[in-house]
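Listed here are the chains, written in short residue letters.
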Amino acid sequence: MIQSDPVIAWLLDSDPSIRWQVMRDLLDAPEREWMTERAKVETEGWGARLLSCQDEDGQWAGGAFLPAGFDPREWKEHGQPWTATTFSLSQLREFGLDPACDCAKRTVKLIGANARWEEGGQPYWEGEVEECINGRTVADGAYFGIDVSPIVDRLAGERLEDGGWNCERINGSVRSSFASTINVLEGLLEYQRSTGGTHQSREARRTGEEFLLARNLFRRLGTGEPADERFLRFPHPNRWRYDILRALDYFRASAILTGADPDPRLGVAIEHLRFRRLQDGSWPLDESPAGRVWFEVDDGQGKPSRWVTLRAMRVLRWWNARPSINA
């Protein structure tokens, strides 16, 4: 066991939503042990707190994407609000709420009955029109046992010629976006984990992955320069935003699901991840998206982040175990 590692001890001295993932991904604890810890997400800590904020009709803040009574000036002056149903449900998935528990089953059933997208009044589990939103809806739906195959089919047909996605496609964009692509890829991966996927969904995942890999997860294809310097920073929660750690964690999860070896084109991003490690072995929180939240789950910008550190450590553990290291 590596529990004597002070960083591991620091991670374990935390919320159940972090502890169970440390036990599974960093300590190789027996399944019965980390599942017991995971079950606490429903009744303790951040998971229980977020569930306590839920409306009686199953939604959060009275809306699907936006809180009820939302004033557009809030977004302009204070940032996008993150309290509505879609972001709350995604956060419960990140926390690891057991989809088989009665609370989760009740929640997704109520959302299906009562939540409607502000864009067009569509029932929640039928999805919206934007690829980013639909990607996260697929991830949440597949995780919580909802049949989201119609949204998956739609996303597979909305790929751009370069293999990825852009939520501005409907407005004429013809080049894929890093953020849109990772949101869709995470959804398709969760769908494949839950159902095995379809030929179309697996092919869509392949081309979306290639879009990111060809760019080393952050570069412009033409110049090799960073497409956006923010991609090299580590925010949390990500919400819809992209960064290389989010992408690396996706490729780790994808490889574990399919048994594939890590792609060497991830190496540049891996080196940046190593470079950003602090002297005490943790990683810092570079930023949190501005805007209304139910509560904070990190200690503040510039401070060591358990969430960022957990993800970074499991990515490096996976990378360091790749066959070429031991050849």
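Everything below is about the structure shown above.
Residues numbered from 1 in each chain as written. Predicted model: local features only at pLDDT ≥ 70, side-chain atom pairs only at ≥ 80, totals over all residues. Heavy atoms only, no water.

**Re helix H11 (residues 199-213)**
In step 1: Under the 1.5 Å per step criterion, the end-to-end length of H11 is 21 Å for 15 residues, consistent within 8% with the ideal 21 Å.
In step 2: The set of residues buried in H11 consists of Ser201, Ala204, Arg205, Thr207, Gly208, Glu209, Phe211, Leu212 and Leu213. (Helix = DSSP H or I, 4+ residues; strand = E, 2+ residues; numbered from the N terminus. Expected span 1.5 Å × (residues − 1). Buried < 20%, exposed > 50% of the residue type's maximum accessible area, 1.4 Å probe, protein only.)

**Observations concerning the side chain of glutamate 190**
In step 1: Note that glutamate 190 resides in helix H10 (residues 178-195).
In step 2: Sequence-distant contacts of glutamate 190, that is, excluding residues within four places in its chain, are made with Ala139, Ala142 and Tyr143. (Contact = heavy atoms within 4.5 Å.)

**What about the packing of helix H13 (residues 267-275) against helix H14 (residues 306-320)?**
In step 1: At a closest axis distance of 11 Å, the pairing of H13 and H14 adopts a crossing angle of 130°. Taken as axis vectors, H13 and H14 run oblique relative to one another. Handedness of the H13/H14 crossing: left-handed. Judged by residue contacts, Gly267, Ile270, Leu273 and Arg274 of H13 engage Ala312, Val315, Leu316, Trp319 and Asn320 from H14.
In step 2: Of the residues assigned to the contact of H13 with H14, the class counts are 6 nonpolar, 2 polar and 1 charged. (Axes fitted to C-alpha atoms, helices over the stretch in contact; angles between N-to-C directions. Parallel < 35°, antiparallel > 145°, perpendicular 65-115°, else oblique. Left-handed = near helix turned anticlockwise from the far one by under 90°. Nonpolar A, V, L, I, M, F, W, Y, C, P; charged D, E, K, R; others polar.)

**Let's talk about the nonpolar core**
Generally speaking, a soluble globular protein has its nonpolar side chains buried in company with each other.
In step 1: Formed by 89 residues in total, the largest nonpolar core has its most connected members in Leu212, Leu217, Tyr242 and Leu273.
In step 2: The biggest single contributor to this core is H14, with 9 residues.
In step 3: What leucine 212 contacts, discounting residues up to four positions off in sequence, is Phe178, Thr181, Ile182, Leu185, Leu217, Tyr242 and Phe251. (Core = buried A, V, L, I, M, F, W, Y, C linked by side-chain atoms within 4.5 Å.)

**Let's talk about the packing of aromatic side chains**
In step 1: In the structure shown here, the tally under the stated rule is 16 aromatic pairs.
In step 2: Note on tryptophan 117 and tyrosine 124: the rings are 4.5 Å apart at their centroids and 15° apart in plane angle, and the pair reads as stacked.
In step 3: Given the relative accessible area of 0%, tyrosine 124 is considered buried.
In step 4: Members of the aromatic cluster, joined through ring pairs, are Phe178, Phe211, Phe231 and Tyr242.
In step 5: One residue, arginine 24, lies across the ring of tryptophan 34, its end atom 5.7 Å from the ring centre.
In step 6: The ring of tryptophan 20 is capped by arginine 38, whose NZ or CZ atom sits 5.1 Å from the centre of that ring. (Phe/Tyr/Trp six-rings, centres within 6.5 Å; stacked < 30°, edge-to-face > 60°. Lys NZ or Arg CZ within 6 Å of the ring centre and 35° of its normal.)

**Considering the layout of surface pockets**
Empty space among the atoms becomes apparent when a probe as large as a water molecule is rolled across them.
In step 1: Its volume calculated, the largest pocket comes out at about 1,200 Å³.
In step 2: What lines the largest pocket is a set of 43 residues, and nearest its centre among them are Gln21, Arg93, Glu190, Arg193 and Arg314.
In step 3: With 7 residues, helix H12 (residues 244-258) is the single largest residue contributor to the lining of the largest pocket.
In step 4: Of the voids in this model, the second largest pocket is the one considered here, and its volume is about 530 Å³.
In step 5: Lining the second largest pocket are 23 residues, with Ala179, Arg230, Trp240, Arg241 and Tyr242 sitting closest to its centre.
In step 6: Elements with a minimum of two residues in the lining of the second largest pocket: helix H8 (131-143) and H10. (1 Å grid on protein atoms, 1.4 Å probe; cavity = no way out; pocket = protein on both sides within 12 Å on 5 of 7 lines; lining within 4 Å. Points joined across faces, edges and corners; volume = space filled by probe spheres on them.)

**Quick word on empty space enclosed by the protein**
In step 1: Throughout the structure, instances matching the rule amount to 1 cavity of 30 Å³ or more.
In step 2: Here the largest cavity is characterised by a volume of approximately 30 Å³.
In step 3: Looking at side-chain class alone, the lining of the largest cavity contains 5 nonpolar, 1 polar and 1 charged residues.

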